[in-house]
Amino acid sequence: MYRKKRLLTVCLAACTLFLASCGQKALERPYEWAERDFTVHRQAGTEDGFAPGFAEDLCVLEPDAVWEDASVNAEAAAVFDLSGKQVLFGKNAFETLHPASITKVMTALIALKYGNLEDEVTVTEDAVISEAGASLAHIKPGDVLTLEQLLYGLMLPSGNDAAAAIAVHMAGSIDGFADMMNEEAARLGAAGTHFTNPHGLTDSQHYTTAYDLYLIFQEALKLPKFREITGTTAYTANYVDGNGAPVSKTWKGGNWYMTGERSTPEGLTVFSGKTGTTNAAGYCLIMASRDEEEKEYVSVVLKAGSRPNLYENMTEIIRKIVN
């Protein structure tokens, strides 16, 4: 430790000598923004000269915060007030769990941020998903769709095949796209997250937390196209197959609040979301809602015991917004 401190002292002294030898004005108070170069000062972005904090625009949840609610029996759940930057409820929000198809929020985020919606994508053999019970958009190798159409196939019917097609188009391989996902997660501060695929099929090294999913989802909500796609309950894609023959498929969303199969608490409207289900993950849902004052909220439930139980849990936690 002494040697490191000594080296740091020497380096600082050398830098000071270098500046003086170049005829630079010596800094009387080196750590005051006002003494710094104007360009650096301007990049600080605030009138007081301090750079904005990483969590300035986030809901911060303390690891030891506990909300008691026996009616919430899912493994993890949380509610975040995007407008007020507050956490309204949290249960096991930092526990690492399988996210199932909620993974596709990150897949969509990357495609929208770094892709071109007008790109024509030829589906490859990577999109053939053989796992029993896997949700599909029912696209086939050789089909040619736009990236925009694939995103609807990703988010509405939760197509694992669409996820694979997007991944290969964006990164050249499933593994390459997983690297992009993990880089984006790190950039967002999702420290409890690691992805191995773009769809959420079970893998022991594919996991996240309720809090990290909030970080990813609220970032995706900044994109108008994400809101448009996830706010749609049905979409018809017209494209061609490998022989050039026309294909038409209509995909429907699975969020019961948006399809009218489950009522929201009075005063709330759900406008975006993604479901997910596997044997390992249980029943999962992340979604965005707004109140009558147009304030927005993100809520997430992970590992509920059944689909009805998932919505029972979600209804209980979003009631906390209006109660």
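Residues numbered from 1 in each chain as written. Predicted model: local features only at pLDDT ≥ 70, side-chain atom pairs only at ≥ 80, totals over all residues. Heavy atoms only, no water.

Asker: Could you clarify how one ought to interpret the sheet that holds strand β9 (residues 296-304) in this entry?
Answerer: Pairing is antiparallel in the open sheet, where five strands are placed in the order β2-β1-β9-β8-β7. Lying at the two open borders of the sheet, with one neighbouring strand each, are β2 (86-91) and β7 (268-278). Going across the sheet, the axis of each strand differs from the next one's by a mean of 10°, ignoring polarity. The sheet contact formed by β7 and strand β8 (residues 282-291) spans 10 bridges and is antiparallel. Bridge pairing in β8 places Thr 278 opposite Gly 282. (Pairing = 2+ DSSP bridges. Helix = DSSP H or I, 4+ residues; strand = E, 2+ residues; numbered from the N terminus. Axes fitted to C-alpha atoms, helices over the stretch in contact; angles between N-to-C directions.)

Asker: It is not clear to me how the packing of aromatic side chains should be interpreted in this structure. Could you clarify?
Answerer: Two numbers describe a pair of aromatic rings. These are the distance of the centres and the angle of the planes. For the coordinates displayed, the defined rule picks out nine aromatic pairs. Judged by centre distance (5.3 Å) and plane angle (40°), the rings of Phe 94 and Tyr 211 are tilted. Of the two residues, Phe 94 is situated in the loop between β2 and α3 (104-114) and Tyr 211 in helix α7 (residues 210-220); the sequence distance between them amounts to 117 residues. Overall, the relative accessible area of 37% leaves Phe 94 in the partly exposed class. Under the relative-accessibility criterion, Tyr 211 is labelled buried at 10%. Aromatic pair Tyr 257 and Tyr 311: ring centres 5.2 Å apart, planes at 65°, arrangement edge-to-face. Residue Tyr 257 is located in helix α9 (residues 256-259), and its partner Tyr 311 is located in helix α10 (residues 307-322); the two are separated by 54 residues in the primary sequence. Side by side, Tyr 257 and Tyr 311 carry an identical accessibility label, which is buried. (Phe/Tyr/Trp six-rings, centres within 6.5 Å; stacked < 30°, edge-to-face > 60°. Buried < 20%, exposed > 50% of the residue type's maximum accessible area, 1.4 Å probe, protein only.)

Asker: For this particular structure, what's the right way to read the pattern of salt bridges?
Answerer: Think of it this way: side chains of opposite charge can pair up when their charged atoms draw near. Applying the stated criterion across every chain, the model contains 13 salt bridges. Salt-bridge contacts for Glu 294 lead to Arg 290; the nearest nitrogen and oxygen are separated by 3.5 Å. (Salt bridge = Lys/Arg side-chain N within 4 Å of Asp/Glu carboxyl O.)

Asker: Honestly, the nonpolar core in this entry has me stumped. Any pointers?
Answerer: Soluble globular proteins: nonpolar side chains tend toward being buried together. The biggest cluster of nonpolar side chains holds 69 residues, and the ones touching the most others in it are Phe 80, Val 105, Ile 139, Tyr 214, Phe 226, Trp 251 and Leu 302. Residues in contact with Leu 302, not counting those within four places in the same chain, are Ala 74, Glu 75, Ala 76, Leu 97, Ile 102, Thr 209, Ala 210, Leu 213, Tyr 283 and Cys 284. Counting 21 residues, the second-largest nonpolar core is a separate cluster that includes Val 72, Tyr 257, Tyr 297 and Tyr 311. (Core = buried A, V, L, I, M, F, W, Y, C linked by side-chain atoms within 4.5 Å. Contact = heavy atoms within 4.5 Å.)

Asker: It is not clear to me how the pairing of strand β6 (residues 246-252) should be interpreted in this structure. Could you clarify?
Answerer: Within a regular strand, side chains alternate between the sheet's two faces. Looking at chain direction, strand β5 (residues 234-240) and β6 are connected through seven bridges and run antiparallel. When the sheet's bridge partners are listed, Tyr 239 is paired in β6 with Val 247. Turn length for the β5-β6 hairpin, with the two strands adjacent in sequence and antiparallel, is five residues, and the turn residue Gly 244 shows positive phi of about 85°.

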